[in-house]
Amino acid sequence: MTHRIKMIVPVPVPQQALAAFASQIPAGLVRPDIAIEFACAARGGATLDSLYEGTIADAFCLEAGCRAEEEDFSAVCINSMSDSGVAALRSRLTIPVVGTAQATYHLACQLGKKFAILSMWDNWRWLYDKVLTEQGLHHRLAAIRSIGVRPDTAELLAGKEDSVFPLLMDAARRAIEEDGADVLVLGSTTMHQSHAYLAAHLPVPVLNPGLVAFKACETLIDLGLSHSRKGFAPPERIIDNVFEAA
């Protein structure tokens, strides 16, 4: 039996960008009984630069995933550190719904005492604060280090390696040496192309969040586990058609 995992990018991106997101998962780590399908929000902002865009992403991630169970998916993952729409999808679905940030932060807590987040720009600070507050993990955060480079959700880091990787390396070393971090977390799935370089040159674990989330989905499927229906109560009435044009 093949288990299908639906990976949702919370902003609308072109098809070639979805292929770039999919490349974060090495073929050698995908089992023959697992199929991964990337999709994106139908509408919304471009970079999740604010609570405004984040709220829109919540709605359109719910739209993108609300029928996943009927479509025979075994799990849904929000492929973003925003965890957009995760709570709503857990209320709507009985199959596992994984938030990339939740999965990554909790793994970081297993691997060390304090973790730092390496971010592209300061406008993403709100999404880290949101999930850290929801999960009660601010006390495990050593720092958020931003390199001040506006992200590109279509091109990701392609062609920017020579300029971006040194900035990320400097931020990572400062997080370790000055902030006391003993685990590092990439602050976005759009940064996955930097993971191998950073992991090879740093003395602490570096977590690639998209891959962590994928493996979290796989584990829940293998164990036959999903979120608590008491913790995420289902709606009395399904109104998925609310997203359809009148």
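The structure displayed is predicted, hence computed values, not measured ones. (Residues numbered from 1 in each chain as written. Predicted model: local features only at pLDDT ≥ 70, side-chain atom pairs only at ≥ 80, totals over all residues. Heavy atoms only, no water.)

Comments concerning the side chain of His3
Note on placement: His3 falls in strand E1 (residues 3-9). Reaching out from His3, the side chain makes a polar contact with the side chain of Ser74 at a distance of 2.9 Å. For His3, the residues in contact, after removing those within four places along its chain, are Asp33, Ile34, Ala35, Ser74 and Ile221. (Helix = DSSP H or I, 4+ residues; strand = E, 2+ residues; numbered from the N terminus. Polar contact = N/O pair within 3.5 Å; in protein donor to acceptor, adjacent residues only side chain to side chain. Contact = heavy atoms within 4.5 Å.)

A closer look at the packing of helix H4 (residues 100-111) against helix H5 (residues 125-135)
Two numbers describe how H4 lies on H5: the axes approach to 10 Å, and their chain directions differ by 65 degrees. Note that H4 runs across H5; the crossing there is right-handed. In this structure, H4 uses Ala101, Gln102, Tyr105 and His106 to contact H5, whose residues at the interface are Tyr128, Val131, Leu132 and Gln135. Residues belonging to the contact of H4 with H5 are distributed by class as follows: five nonpolar, three polar and no charged. (Axes fitted to C-alpha atoms, helices over the stretch in contact; angles between N-to-C directions. Left-handed = near helix turned anticlockwise from the far one by under 90°. Nonpolar A, V, L, I, M, F, W, Y, C, P; charged D, E, K, R; others polar.)

Description of helix H8 (residues 209-223)
For an α-helix, the turn length of 3.6 residues means that residues three or four places apart are oriented alike. Over its 15 residues, H8 runs 21 Å from end to end, which matches the ideal 21 Å to within 8%, given 1.5 Å per residue. Of all the positions in H8, only Pro209, Gly210, Leu211, Val212, Ala213, Phe214, Cys217, Glu218 and Ile221 are classed as buried. Phi for Gly224, located one or two positions after H8, is positive at around 65 degrees. (Expected span 1.5 Å × (residues − 1). Buried < 20%, exposed > 50% of the residue type's maximum accessible area, 1.4 Å probe, protein only.)

Looking at the sheet that holds strand E2 (residues 34-40)
Taken together, the four strands give an open sheet; going across it, the order is E2-E1-E3-E4, and neighbouring strands pair in parallel fashion. Lying at the two open borders of the sheet, with one neighbouring strand each, are E2 and strand E4 (97-99). Ignoring which end each strand starts from, the neighbouring axes of this sheet average 20 degrees apart. Where strand E3 (residues 75-78) lies against E4, three bridges are found, and the strand directions are parallel. Paired with Val76 across the two strands is Val97, which belongs to E4. Strands in contact with H4 are E3 and E4; relative to E4, the strand with the most contacts, it is inclined by about 65 degrees. (Pairing = 2+ DSSP bridges.)

Observations concerning the nonpolar core
Judged by nonpolar contacts, the single largest core of 63 residues is most densely connected at Tyr105, Phe115, Leu118, Tyr128 and Leu184. No other element matches the eight residues that helix H6 (residues 161-177) contributes to this core. Beyond its immediate chain neighbours, meaning those up to four positions away, Tyr105 contacts Met81, Phe115, Ile117, Tyr128, Val131, Leu132, Leu137 and Val185. Membership of the second largest hydrophobic core comes to twelve residues, among which are Ala64, Val86, Ile95 and Val97. (Core = buried A, V, L, I, M, F, W, Y, C linked by side-chain atoms within 4.5 Å.)

Structural notes on unusual backbone geometry
Here the phi dihedral of Leu48 falls at roughly 55 degrees; this positive angle occurs in a residue that is not glycine. Its place among the elements puts Leu48 in the loop between E2 and helix H2 (51-65). By relative accessible area, Leu48 is classed as buried at 6%.

Let's talk about H4
An ideal rise of 1.5 Å per residue puts 16 Å on twelve residues; H4 measures up with 17 Å between its terminal C-alpha atoms. What H4 keeps buried is the set Thr100, Ala101, Gln102, Ala103, Thr104, Tyr105, Ala108 and Cys109.

Notes on the packing of aromatic side chains
Working definition: an aromatic ring pair is given by the centre-to-centre distance plus the angle between the planes. As enumerated under the stated definition, the model contains three aromatic pairs in all. With 5.4 Å between their ring centres and 15 degrees between their planes, Tyr105 and Phe115 make a pair best called stacked. Placement of Tyr105 in helix H4 and of Phe115 in strand E5 (residues 115-119) is noted, with a sequence separation of ten residues between them. Sitting over the ring of Phe73, Arg4 keeps its end group 3.9 Å from the ring centre. (Phe/Tyr/Trp six-rings, centres within 6.5 Å; stacked < 30°, edge-to-face > 60°. Lys NZ or Arg CZ within 6 Å of the ring centre and 35° of its normal.)

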